[in-house]
Amino acid sequence: MRIDPRVGVVLNLVQIIDEGRARSVLYEASVSELFVPYMDPGNGWNNRAFIDAGEFFAGVGFLKPLKPGLDCPAGATWFDGQTISEDGAPRLTSRLACLFERAPENPAWRHLQGSEVYGRPSRELVLRSAATIGNYDYLLDWRFTPDGTLTVAVGATGVIETKSTTMTATHDAHGGPETGQLVAEGVIGVNHDHYFSYRLDFDVDGTSNSFMLNRMVPQRVDNDPMRKSIWVNPPVVAARETDAILDIRLDQPSMWMFMNPSVRGSLNYAVAYEVMPGATAKSILSGDDPVQRIGAFSEHQFWVTRYNEAERYAAGTYPTSSDANDGLAVWTKANRTIENTDIVGWYTLGFHHITRAEDWPVMPTMWHEFAIRPFHFFDKNPVLDLPKSLTDH
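As a starting point, this report considers the structure included with it. (Residues numbered from 1 in each chain as written. Predicted model: local features only at pLDDT ≥ 70, side-chain atom pairs only at ≥ 80, totals over all residues. Heavy atoms only, no water.)

1. Focus on the sheet that holds strand β5 (residues 77-84)
Okay, step 1: Spatially, the 10 strands line up as an open sheet ordered β5-β6-β9-β10-β11-β24-β21-β20-β16-β19, and their pairing is antiparallel. Here the strands that pair on one side only, and so sit at the sheet edges, are β5 and β19 (235-237). Adjacent strand axes in the sheet meet at a mean angle of 25° when their direction is disregarded.
Okay, step 2: When strand β11 (residues 150-158) meets strand β24 (residues 363-375), the two strands line up antiparallel, connected through 8 bridges. (Pairing = 2+ DSSP bridges. Helix = DSSP H or I, 4+ residues; strand = E, 2+ residues; numbered from the N terminus. Axes fitted to C-alpha atoms, helices over the stretch in contact; angles between N-to-C directions.)

Right under this line is the structure:
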């Protein structure tokens, strides 16, 4: 792990120790960019569309210090990091990240057999940081569990952007301004979006990976009085970058997997790691909107690119001076081959925010997350032998 002044915590060389053998999962993983467009077209608001990581890191740094006993347990392991002062000099800042273990009070697995319940309690290793960008605070978690799953989570809190109004109450039970909500007398919270692009440089048991879609396709069942339909999941390996630009569709579900076609498990499946989306959103702004052209990564919930060292930031290296000539939407036009080579996944964690009275004067933390989990990576459940108690050693 390292701390980068632009994107915060960066995971490096994530591995699984499998029966004493180190197996690679991710070469590198981090936030890549944040895009926060506001929905008020009025003067003074129509320019409020922020590219947070690329716009605000210089001089202040992306991450801010954590508070023991609030953000992390007092007994956590703390990490300091380098930020940049206003004159460009390096500056050491304390407590930019923390690491702690916790019991999520969930079973890692359980089963009732006869009158006996068998199982093992789970545990979680949490690497946490916090970004404060203007009015918003984001808690940024990487949560590791013993079954090989990595949950990536964002907790949004802080203070909403507001504007004044002469209104003291809405005109009716459902009324209010179209571009915001009345959150207090004389105060409108302006509607907006949040889009986090996560850069996930997978190395599943090596650098030569492929991206595979398991699409769930309905299939008719003929001549069966008990059933008329089922679904099947034929796998499709994406050959080029445009084949792997994806959106979540409930009517066309699919599983997104990074696999190594050269490494097989005991059942002859290619070893893989799956990206499991959580509740997320994509931009519904017009594609020709100038701010949307810069934040174009938000148009889709997943992208896959061929590895290129220069391609690190989803909205481009210099988004504030860009003419939308850099970033994911531009790179993928080359439609490079992504089969059996070094590839990178880009997950868009997004949420629309229609403000509410409960968000004022300070928002309660709301978490959004997705998971990365093994799929045919192990030959069996890897947590069968966890301790029977969290106090056992």
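2. Re the nonpolar core
Okay, step 1: Formed by 61 residues in total, the largest nonpolar core has its most connected members in Tyr138, Tyr198 and Phe211.
Okay, step 2: Among the elements that take part in this core, strand β3 (residues 21-37) stands out by supplying 6 residues, more than any other. (Core = buried A, V, L, I, M, F, W, Y, C linked by side-chain atoms within 4.5 Å. Buried < 20%, exposed > 50% of the residue type's maximum accessible area, 1.4 Å probe, protein only.)

3. Concerning the side chain of aspartate 4
Okay, step 1: Assignment of secondary structure puts aspartate 4 in strand β1 (residues 2-4).
Okay, step 2: Looking at aspartate 4, its side chain comes within polar contact range of the main-chain nitrogen of valine 7, at 3.1 Å. (Polar contact = N/O pair within 3.5 Å; in protein donor to acceptor, adjacent residues only side chain to side chain.)

4. Things to note about the pairing of strand β9 (residues 124-133)
Okay, step 1: Among the 10 residues in β9, 8 count as buried, and that is most of the element.
Okay, step 2: Note that strand β6 (residues 90-102) and β9 share 6 bridges and pair antiparallel. Paired with arginine 102 across the strands is glutamate 124, a residue of β9.
Okay, step 3: Where β9 meets strand β10 (residues 136-144), 9 bridges bridge the pair, whose relative direction is antiparallel.

5. Here we look at empty space enclosed by the protein
A probe matching the size of a water molecule, rolled over the atoms, marks out where space remains unfilled.
Okay, step 1: For the coordinates displayed, the defined rule picks out 2 cavities of 30 Å³ or more.
Okay, step 2: If you add up the space inside the largest cavity, you get close to 40 Å³.
Okay, step 3: Lining the largest cavity are Val7, Val9, Val31, Ser129, Leu140, Asp141, Trp142, Ala153 and Tyr198.
Okay, step 4: With 3 residues, β10 is the single largest residue contributor to the lining of the largest cavity.
Okay, step 5: Broken down by class, the residue content of the lining of the largest cavity amounts to 7 nonpolar, 1 polar and 1 charged. (1 Å grid on protein atoms, 1.4 Å probe; cavity = no way out; pocket = protein on both sides within 12 Å on 5 of 7 lines; lining within 4 Å. Points joined across faces, edges and corners; volume = space filled by probe spheres on them. Nonpolar A, V, L, I, M, F, W, Y, C, P; charged D, E, K, R; others polar.)

6. Examining the sheet that holds strand β13 (residues 180-184)
Okay, step 1: Spatial ordering of the open sheet is given by β12-β14-β13, a layout of 3 strands whose pairing is antiparallel. With partners counted over all chains shown, the strands left at the sheet margins are β12 (162-164) and β13, one partner each. Adjacent strand axes in the sheet meet at a mean angle of 40°, parallel and antiparallel pairs treated alike.
Okay, step 2: Here β12 pairs with strand β14 (residues 187-190) via 3 bridges, running antiparallel. The residue bridging serine 164 from the neighbouring strand is valine 187, located in β14.

7. A closer look at the packing of aromatic side chains
Okay, step 1: Per the counting criterion, the structure on display carries 19 aromatic pairs.
Okay, step 2: Pairing tyrosine 136 with tyrosine 138 gives two aromatic rings, centres 5.5 Å apart and planes at 10°, and the pair type is stacked.
Okay, step 3: Relative to phenylalanine 370, the ring of tyrosine 198 has its centre 5.5 Å away and its plane inclined at 70°; by these criteria the two rings are edge-to-face. Here tyrosine 198 is found in strand β15 (residues 192-202), whereas its partner phenylalanine 370 is found in strand β24, with 172 residues between them in sequence. Summarising the burial analysis for this pair, tyrosine 198 and phenylalanine 370 share the class buried.
Okay, step 4: Taken together through their ring pairs, the aromatic side chains of Trp142, Tyr198, Phe202, Phe211, Trp256, Phe258, Phe302, Tyr347 and Phe370 make up a single cluster.
Okay, step 5: Lying over the aromatic face of tryptophan 45, arginine 48 brings its terminal NZ or CZ to 3.9 Å of the ring centre. (Phe/Tyr/Trp six-rings, centres within 6.5 Å; stacked < 30°, edge-to-face > 60°. Lys NZ or Arg CZ within 6 Å of the ring centre and 35° of its normal.)

8. Remarks on the layout of surface pockets
Okay, step 1: Here the largest pocket defines a volume of roughly 820 Å³.
Okay, step 2: Looking at the largest pocket, it is lined by 36 residues, and the ones nearest its centre are Ile16, Ile17, Pro146, Phe378 and Pro382.
Okay, step 3: Elements represented by at least two residues in the lining of the largest pocket include exactly β2 (8-18), β3, β9, β20 (254-264) and β21 (270-276).
Okay, step 4: At 5 residues, β2 tops the list of elements feeding residues into the lining of the largest pocket.
Okay, step 5: Taken together, the residues of the lining of the largest pocket break down into 18 nonpolar, 7 polar and 11 charged.

9. Examining the pattern of salt bridges
Okay, step 1: Under the definition given, this model contains 21 salt bridges.
Okay, step 2: Put simply, arginine 23 and aspartate 205 hold a salt bridge, and the shortest N to O gap is 2.5 Å. Separated by 182 residues along the polypeptide, arginine 23 in strand β3 and aspartate 205 in the loop between β15 and β16 (210-215) bring together distant segments of the chain. Both residues of the pair, arginine 23 and aspartate 205, belong to the buried class.
Okay, step 3: Here arginine 373 ties to glutamate 274 by a salt bridge, and the two come within 2.8 Å at their closest N and O atoms. In this pair, arginine 373 sits in strand β24 while glutamate 274 sits in strand β21, placing the two residues 99 residues apart along the sequence. (Salt bridge = Lys/Arg side-chain N within 4 Å of Asp/Glu carboxyl O.)

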